[in-house]
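As a plain string of letters, each chain reads:
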Amino acid sequence: MSIFEKRTQVYGPETFIVGEFDPTADGLYRNVYPVELTVKPNHVLYVSVKSDIPVDIVIAREDGSAVQHKDKQKEIVLGPYPTEKHKSMGVILGVFRGDKANVTLEAWMERK
């Protein structure tokens, strides 16, 4: 990794399952999957999502406000989203109850 490289990996790439049956969860399914991202202020965030079935995606700030919401996406790169003064942001993935998605998530930052 070069010291002049602008891209900083924040998460992944990691593959996981959204929508697994779980008798201990409310509604019996883990159909909402939140991921917290540690970011640096004054950068821009990119998020890549690849899934075998369509998933809903929300990018959110640490104060709970939504930056963007996308429905029914199978493969998409979202961003750039300014991190402003925030030190954490999040990605929330969701599927309908009973659906099961294999999702690969990756997130990175770049300097402005």
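Residues numbered from 1 in each chain as written. Predicted model: local features only at pLDDT ≥ 70, side-chain atom pairs only at ≥ 80, totals over all residues. Heavy atoms only, no water.

*Asks:* Can you break down the overall build of the protein chain residue by residue, with the values?
*Replies:* Scanning the protein chain from N- to C-terminus turns up 0 helices and 8 strands. Counting helices and strands in the order they occur from the N terminus, the protein chain gives β-β-β-β-β-β-β-β. Compactness check: the protein chain gives a C-alpha radius of gyration of 15 Å against a globular reference of 13 Å for 112 residues, within 12% of the reference. Within the protein chain, residue pairs in contact and separated by at least 24 positions form 74% of the contacts whose partners lie at least 6 positions apart. Taken as two groups, the 15 positive and 16 negative side-chain charges of the protein chain have centres that lie 6 Å from each other. (Helix = DSSP H or I, 4+ residues; strand = E, 2+ residues; numbered from the N terminus. Rg over C-alpha atoms; globule rule 2.2 N^0.38 Å. Contact = heavy atoms within 4.5 Å. Lys, Arg positive; Asp, Glu negative; His and termini not counted. Charge placed at Lys NZ, Arg CZ, Asp CG, Glu CD.)

*Asks:* I'd like a description of the packing of aromatic side chains, backed by residues and values.
*Replies:* Within this structure, the stated rule accounts for 3 aromatic pairs. Between F16 and Y33 the ring centres are 4.1 Å apart and the planes differ by 10 degrees, which places this aromatic pair in the stacked class. Of the two residues, F16 sits in strand β1 (residues 7-18) while Y33 sits in strand β4 (residues 32-38), which places them 17 residues apart along the sequence. According to the relative accessible area criterion, F16 is buried, its value standing at 8%. For the pair Y46 and W108, a centre-to-centre distance of 5.7 Å together with 10 degrees between the ring planes defines the contact as stacked. Of this pair, Y46 sits in strand β5 (residues 43-61) while W108 is found in strand β8 (residues 101-111), placing the two residues 62 residues apart along the sequence. (Phe/Tyr/Trp six-rings, centres within 6.5 Å; stacked < 30°, edge-to-face > 60°. Buried < 20%, exposed > 50% of the residue type's maximum accessible area, 1.4 Å probe, protein only.)

*Asks:* Please provide a residue-by-residue account of the environment of K40, values included.
*Replies:* Turning to its location among the elements, K40 is positioned in the loop between β4 and β5. A relative accessible area of 46% means that K40 is categorised as partly exposed. Between the C-alpha atom of K40 and that of M109, which follows or precedes it by 69 residues, the distance is 8.2 Å. Residues contacting K40, with those up to four places away along its chain left out, are T83, H86 and M109.

*Asks:* Which residues make up the nonpolar core, and what values go with them?
*Replies:* Nonpolar side chains in soluble globular proteins tend to be buried together. Judged by nonpolar contacts, the single largest core of 24 residues is most densely connected at V49 and I57. Elements supplying a minimum of two residues to this core: β1, β4, β5, β6 (66-82), β7 (88-94) and β8. Tallying contributions element by element places β5 first for this core, with 6 residues. Excluding residues that lie within four positions of it along the chain, I57 makes contacts with V49, Q68, H69, K70, Q73, I76, L78, V91, I92 and L93. (Core = buried A, V, L, I, M, F, W, Y, C linked by side-chain atoms within 4.5 Å.)

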